[in-house]
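Structural overview
The lines below spell out each chain.
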Amino acid sequence: TYGASWTFASRDGRTLLFSGRGRDLWTMPLDRPAKPTQITALGQRGAFHSSLSPDGTWVAFVSSDGGPSNIWLQHVDGSGLRQVTRDDAPATWPVWSPDGQSIIFGSLRGGSPAMWRIRLSGGEPERIGDGFFRGDLFERAGGAGTLLVTSSQAQDEGLRLIDLSTGAVLWRKEVPGTSFALPVFSPDGRSISLPVQEQRDRDAIWVLDTATGNARVAVRFEEPFDMLFRASWADEGRAFVVNRRTEASHVVLF
C-alpha cells in the first residue's frame, strides 16, 4: 500500500494511519473498501512515528528538517499544523493520552533515555519515567488510572507494564527478539500484542495477558515474514494489521 511504513491503527480498529508515498501521512478506513487519503504535505521533512488522537481528529508525528526530530501536531483534515517540542535531543514515538490532552514520547532530554509528557494546553515537557518509550496507553475502567506498556532494547528494562499515575512497574518481562517491537493494547485493554522475531526471517505475534504478563503465541507464520514495529488490532480485536517488510514495505490485514 503506497510503500507504507510506521503503521498505526485507531483504538476502534476502523482507521489506518501510515507514512506513505512522498514520506507524508495517509489514512484509510479498515472497515470498508476505500483508497488512502493524503493528510500532510511536508515535503522532504517527512512524517514518522505517527499516532491518531482518541477522537480521530488530530495526528501527532515526528518530523525533522535536517536537525533533531521533534513532535508536530496537525488536524487530519490538513489544518492546524504546529510544532510542539523544540529540543536538541531527538523525540520519538509520540502516543496520545487516553483523554487526548497530552502526548507521551521518548527522548534523550537530559542525556539519558526517558519517557516524557507534554500537555496540549502548553508548558514544558515533564519527565514521567526512566527508560525508552515505545508503546501504548490504556485508561482502566472506573477511574482506576492509566496503564502504560513499553518495550526497550535495554536488557534491564525489557517489556514493562507501568501504572502511569504512580509510576509503579506492575510487571516486567524479558522477551528476546523484540528489539524494535511496539506493544499495543487490545480494544478492551485485557491483552497486549507484540511482534516477536522467533527466527532470523520468521516473526510471530505474541499476545500477553495485561493483568499477569503471561504470553501465548497468537500467530506463527509458515513462510518468511518480517514485521515492523506494531501488530495493531482491528475488527473488534479479531484481526491484526501489520507493516510487513519484503522487497517493498506494505500493509497486511489478517
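Residues numbered from 1 in each chain as written. Predicted model: local features only at pLDDT ≥ 70, side-chain atom pairs only at ≥ 80, totals over all residues. Heavy atoms only, no water.

Side note on the sheet that holds strand β3 (residues 25–29)
Taken together, four strands build an open sheet; the order of strands is β1-β2-β3-β4 and the sheet is antiparallel. The sheet is open, and its two edges are formed by β1 (5–9) and β4 (37–38), each paired on a single side. Two strands pair when backbone bridges link them, and β1 and strand β2 (residues 15–19) are joined in this way by three bridges, in the antiparallel orientation. What sits directly across from F8, in β2, is L17. (Pairing = 2+ DSSP bridges. Helix = DSSP H or I, 4+ residues; strand = E, 2+ residues; numbered from the N terminus.)

Looking at the layout of surface pockets
Looking at the largest pocket, its volume works out to about 530 Å³. Looking at the largest pocket, it is lined by 29 residues, and the ones nearest its centre are S10, R11, L52, S53 and P54. At the level of secondary structure, the elements contributing two or more residues to the lining of the largest pocket comprise β1, β5 (48–52), β9 (91–96), β13 (135–139), β17 (184–185) and β21 (227–234). The greatest single-element share of the lining of the largest pocket, amounting to five residues, is contributed by β13. In terms of residue class, the lining of the largest pocket is built from 14 nonpolar, 10 polar and five charged. There is about 260 Å³ of room inside the second largest pocket. In terms of lining residues, the second largest pocket is bounded by 14 residues, among which F180, Q197, D203, D226 and M227 are the most central. Elements with a minimum of two residues in the lining of the second largest pocket: β18 (191–199) and β21. (1 Å grid on protein atoms, 1.4 Å probe; cavity = no way out; pocket = protein on both sides within 12 Å on 5 of 7 lines; lining within 4 Å. Points joined across faces, edges and corners; volume = space filled by probe spheres on them. Nonpolar A, V, L, I, M, F, W, Y, C, P; charged D, E, K, R; others polar.)

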